[in-house]
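Fold and contact review
Read off the chains here:
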Amino acid sequence: MKHRDFREKSQPLVMIIPMIDIMLFLLVFFMLSTIYMVQTNNFQVNLPQSEGATQEIQPKITAITVMKSGEILYDDTKILNKNLPQMIHYALNEDSEAVFVLYGDKETPYEKVVAVLELLKKSGVRHVSIATEIKD
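Notes on the structure follow.

What counts, and where the lines are drawn
- Residues numbered from 1 in each chain as written.
- Predicted model: local features only at pLDDT ≥ 70, side-chain atom pairs only at ≥ 80, totals over all residues.
- Heavy atoms only, no water.
- Helix = DSSP H or I, 4+ residues; strand = E, 2+ residues; numbered from the N terminus.
- Buried < 20%, exposed > 50% of the residue type's maximum accessible area, 1.4 Å probe, protein only.
- Contact = heavy atoms within 4.5 Å.
- Areas by Shrake-Rupley, 256 points an atom, 1.4 Å probe, with all protein chains shown as cover.
- Patch = residues over 30% accessible without salt bridge, like charges linked within 9 Å, V, L, I, M, F, W, Y side chains within 5 Å.
- Salt bridge = Lys/Arg side-chain N within 4 Å of Asp/Glu carboxyl O.
- Polar contact = N/O pair within 3.5 Å; in protein donor to acceptor, adjacent residues only side chain to side chain.

So, about the overall build of the chain. Along the chain, the regular secondary structure elements total 3 helices and 5 strands. Considering the chain as a whole, with its 136 residues, one finds that 19% of them fall into the buried category. Counted over contacts in the chain with a minimum sequence separation of 6, partners at least 24 positions apart contribute 64%. On the chain, roughly 12700 Å² of surface is accessible, and the fraction owed to carbon and sulfur atoms is 59%.

It is worth spelling out a nonpolar patch on the surface at this point. Among the surface-exposed residues, Val14, Ile16, Ile17, Met19, Ile20, Leu24, Leu27 and Met31 lie close enough to one another that they form a single nonpolar patch of about 810 Å² accessible area. With respect to the helices and strands, isoleucine 16 occurs in helix 1 (residues 16–38).

Turning to its location among the elements, arginine 126 is positioned in the loop between helix 3 (110–122) and strand 5 (127–130). Each C-alpha atom of the pair arginine 126 and valine 99 lies 7.7 Å from the other, and the pair is 27 residues apart in sequence. Leaving out residues up to four positions away in the same chain, arginine 126 has contacts with Ser96 and Glu97. A distance of 2.9 Å separates a polar atom in the side chain of arginine 126 from a polar atom in the side chain of glutamate 97.

So, in structure tokens, the structure goes:
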């Protein structure tokens, strides 16, 4: 018969992989549960009316396209280069937060695109984006 030696002490084993699995499970659980906690306005509520309330208005997005030949399209309408400043000022008078998106053909001379950018800057446009395509 074999007797057990109680003086012999073995080091406890730390299993790290199951601990990592549990931590990842908890992380995913809390991430998913907070998504459902953040949602508001789940109930139909009749809001009171106010005369001083303002409706949030999204700015108008205007496309300016510089063609390979140097022609300029303002919202898909061909215009003369000299008329572009008046069109920009008109759009800014309607909405001072107007957003202009600049489209340029990749074969358009760089100086023509820069000229339109300078014109937008001189006109006081605050929001300009340059359109590109996503590379495959």
